[in-house]
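Descriptive analysis of the structure
If you want the building blocks of each chain, they are given just below.
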Amino acid sequence: MAEDTVRRMREAGRPVGPVILGPSGGEFILERGSAPRWSAPWSTLLRPGSLVLLPPPTVCHPQTAAARGWLVPPSHHEAREPLSAGVTPGGALLEPYLAAVAHAEAEEAARTGDLR
């Protein structure tokens, strides 16, 4: 679903910052404070100060079950740029994410024959 969300964001011309891909799915690194009332299915918003383990910068699309890698690697930042430069604003993520969730749920319903 993370890949679908990133694709939808890019197609809509929305900014896409770093995204980690791991065993539990995609982890979007958002601009600090940009999603204060985030509420979306199949997601969790970590609060400031939460520990996030970052994969090595060269690991993309991990192939093993326990691996974590970058779906969208972080971009290089100049020292004079703020640390928030190049990350996704929370408002840019919500609509494409909800569309990807709806698409995944529809595919699952079609696969299992669940026609709610």
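All residue numbers refer to position in the chain's written sequence, counted from 1. Per-residue local features of the predicted model are confined to residues with pLDDT of at least 70, and side-chain atom pairs are confined, for both listing and counting, to 80 or more; whole-chain, interface and lining totals are unaffected and use all residues. With hydrogens and water excluded, all non-hydrogen atoms of the structure serve as input to the side-chain values.

A closer look at the environment of Arg-37
Looking at where Arg-37 falls in the secondary structure, it is placed in the loop between strand 2 (25-28) and strand 3 (69-72). Along the primary structure Arg-37 and Gly-90 are separated by 53 residues, whereas in three dimensions their C-alpha atoms are 9.8 Å apart. Secondary structure is summarised from DSSP: a helix means a run of H or I of at least four residues, a strand means a run of E of at least two, and numbering begins at the N terminus for each.

Some points on the pairing of strand 2
The sheet contact formed by strand 1 (residues 19-22) and strand 2 spans four bridges and is antiparallel. Looking at the pairing, Gly-22 lines up with Gly-25 of strand 2. Two strands make a pair as long as DSSP finds a minimum of two bridges between them. Where strand 1 folds back on strand 2, the antiparallel hairpin that results is connected by two residues.

Section: helix 2 (residues 90-112)
An α-helical turn contains 3.6 residues, so any two residues separated by three or four positions project in the same direction. To estimate the expected span of a helix, subtract one from its residue number and multiply by 1.5 Å. A rise of 1.5 Å per residue sets the reference length of helix 2, with its 23 residues, at 33 Å; its end C-alpha atoms lie 32 Å apart and thus fit the reference within 8%. For helix 2, the full list of buried residues reads Gly-90, Ala-92, Leu-93, Pro-96, Tyr-97, Ala-100 and Val-101. Every residue pair with non-hydrogen atoms within 4.5 Å of one another is taken to be in contact. Elements in contact with the buried residues of helix 2: helix 1 (2-11) and strand 2. Note on helix 2: the residue one or two positions beyond its end, Gly-113, has a positive phi of about 80 degrees. Exposure categories follow from relative accessible area, calculated using a 1.4 Å probe and restricted to protein chains: below 20% of the type maximum is buried, above 50% is exposed, and the middle band is partly exposed.

Considerations on the packing of aromatic side chains
Under the pairing criterion, centres of Phe, Tyr and Trp rings, with the six-membered ring standing for Trp, must be within 6.5 Å; the plane angle then separates stacked pairs below 30 degrees from edge-to-face pairs above 60, leaving the rest tilted. Tallied over the full model, the rule gives one aromatic pair. The interplanar angle of 50 degrees and the centroid separation of 6.0 Å between the aromatic rings of Trp-38 and Tyr-97 together place this pair among those described as tilted. Here the residue Trp-38 occupies a position in the loop between strand 2 and strand 3, and Tyr-97 occupies one in helix 2, the gap between them amounting to 59 residues. Side by side, Trp-38 and Tyr-97 carry an identical accessibility label, which is buried.

A closer look at the sheet that holds strand 3
Pairing is antiparallel in the open sheet, where three strands are placed in the order 2-1-3. Edge positions in the sheet fall to strand 2 and strand 3, since each has one partner strand and no second. Neighbour-to-neighbour, the strand axes of the sheet open up by a mean angle of 35 degrees, direction not taken into account. Orientation is described by lines fitted to C-alpha atoms, with helices fitted over the stretch in contact, and by angles between N-to-C directions that extend from 0 to 180 degrees.

As for the confidence of the model for the protein chain
On a scale of 0 to 100, pLDDT captures the predictor's confidence in every residue. Summary statistics for the protein chain give a mean pLDDT of 84 and a share of 84% for residues scoring 70 or more. Mean pLDDT across the elements of the protein chain ranges from a minimum in strand 3, with 89, to a maximum in helix 1, with 95.

Details of helix 1
Among the residues making up helix 1, those that are buried are Ala-2, Asp-4, Thr-5, Val-6 and Met-9. Where the residues of helix 1 are buried, they touch strand 1, strand 2, strand 3 and helix 2. Backbone geometry just downstream of helix 1 places Gly-13 in the positive-phi region, at approximately 75 degrees.

Some details on the pairing of strand 1
Neither face of strand 1 is left uncovered, since the one carrying Val-19 and Leu-21 and the one carrying Ile-20 and Gly-22 both have all their residues buried. Pairing geometry for strand 1 and strand 3, over three bridges, is antiparallel. Bridge pairing in strand 3 places Val-19 opposite Val-72.

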